[in-house]
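Each chain, letter by letter, is given below.
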Amino acid sequence: MPHVVVKLWPGKSEKQKEHLAMEITDSVMSVLDYGAESVSVAVEEIAPRDWAGKVYRPEIEQKWDQLYKKPEYTME
């Protein structure tokens, strides 16, 4: 039962977030062979000023070895 959480800066439209959720769902179904009823997708908006403390350090930097797609930026 894949559950995908996308964290991003505020500012994207509801239409964009819905489209992203549909695309992610389609990819999960295609790659992992799940039905749509098994997939859930959430979008969590994180303010730019909070990105380093709420996302980068705890979910990227501290879990670097778990990332299948690593970012090409750092928080210095």
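Here, the structure is the one placed above.
Computed from a predicted structure; not experimentally measured. (Residues numbered from 1 in each chain as written. Predicted model: local features only at pLDDT ≥ 70, side-chain atom pairs only at ≥ 80, totals over all residues. Heavy atoms only, no water.)

What follows covers the overall build of the protein chain. Within the protein chain, the regular secondary structure consists of 2 helices and 2 strands. Along the protein chain, from the amino end to the carboxyl end, the secondary structure elements read β-α-β-α. C-alpha atoms of the protein chain, sized along the principal axes, occupy 40 × 30 × 20 Å. Taken across its 76 residues, the protein chain has 22% of its residues classed as buried. Split by element, the accessible area of the protein chain, about 6,000 Å² in all, is 53% carbon and sulfur. Between the centroid of the 10 positive side chains of the protein chain and the centroid of its 14 negative side chains there is a distance of 6 Å. (Helix = DSSP H or I, 4+ residues; strand = E, 2+ residues; numbered from the N terminus. Buried < 20%, exposed > 50% of the residue type's maximum accessible area, 1.4 Å probe, protein only. Areas by Shrake-Rupley, 256 points an atom, 1.4 Å probe, with all protein chains shown as cover. Lys, Arg positive; Asp, Glu negative; His and termini not counted. Charge placed at Lys NZ, Arg CZ, Asp CG, Glu CD.)

Take helix α1 (residues 14-32) next. Helix length check: α1, at 19 residues, gives a terminal C-alpha distance of 26 Å against a target of 27 Å (1.5 Å per residue), a fit within 8%. Buried positions along α1 lie against β1 (3-8) and β2 (40-45). Among the residues trailing α1, D33 stands out with phi positive, at a value near 60°. (Expected span 1.5 Å × (residues − 1). Contact = heavy atoms within 4.5 Å.)

This part covers the packing of aromatic side chains. As enumerated under the stated definition, the model contains 1 aromatic pair in all. Centroid distance Y56 to Y73: 5.4 Å. Interplanar angle 45°. Geometry classified as tilted. Placement of the pair is Y56 in helix α2 (residues 51-60) and Y73 in the segment after α2, with a sequence separation of 17 residues. By relative accessible area, which is 34% here, Y73 ends up partly exposed. (Phe/Tyr/Trp six-rings, centres within 6.5 Å; stacked < 30°, edge-to-face > 60°.)

For the structure on display, the rule yields 4 salt bridges. K7 is paired through a salt bridge with E59; the nearest N and O atoms lie 2.5 Å apart. Of this pair, K7 sits in strand β1 while E59 sits in helix α2, and the two are 52 residues apart along the sequence. Classification of E59 as partly exposed rests on a relative accessible area of 31%. (Salt bridge = Lys/Arg side-chain N within 4 Å of Asp/Glu carboxyl O.)

Where β1 meets β2, 6 bridges bridge the pair, whose relative direction is parallel. In the sheet register, V4 faces β2, and the bridge partner there is V41. Chirality of the crossover, the property in question, places the unit of β1, α1 and β2 among those that are right-handed. (Pairing = 2+ DSSP bridges. Right-handed = clockwise from strand over helix to strand, strands pointing away.)

With that settled, the discussion passes to the environment of Q66. Mapped onto the elements, Q66 comes out in the segment after α2. Residue classification places Q66 among the exposed residues on the basis of a relative accessible area of 54%. Along the backbone, Q66 and V41 are 25 residues apart, and their C-alpha atoms lie at a distance of 19 Å.

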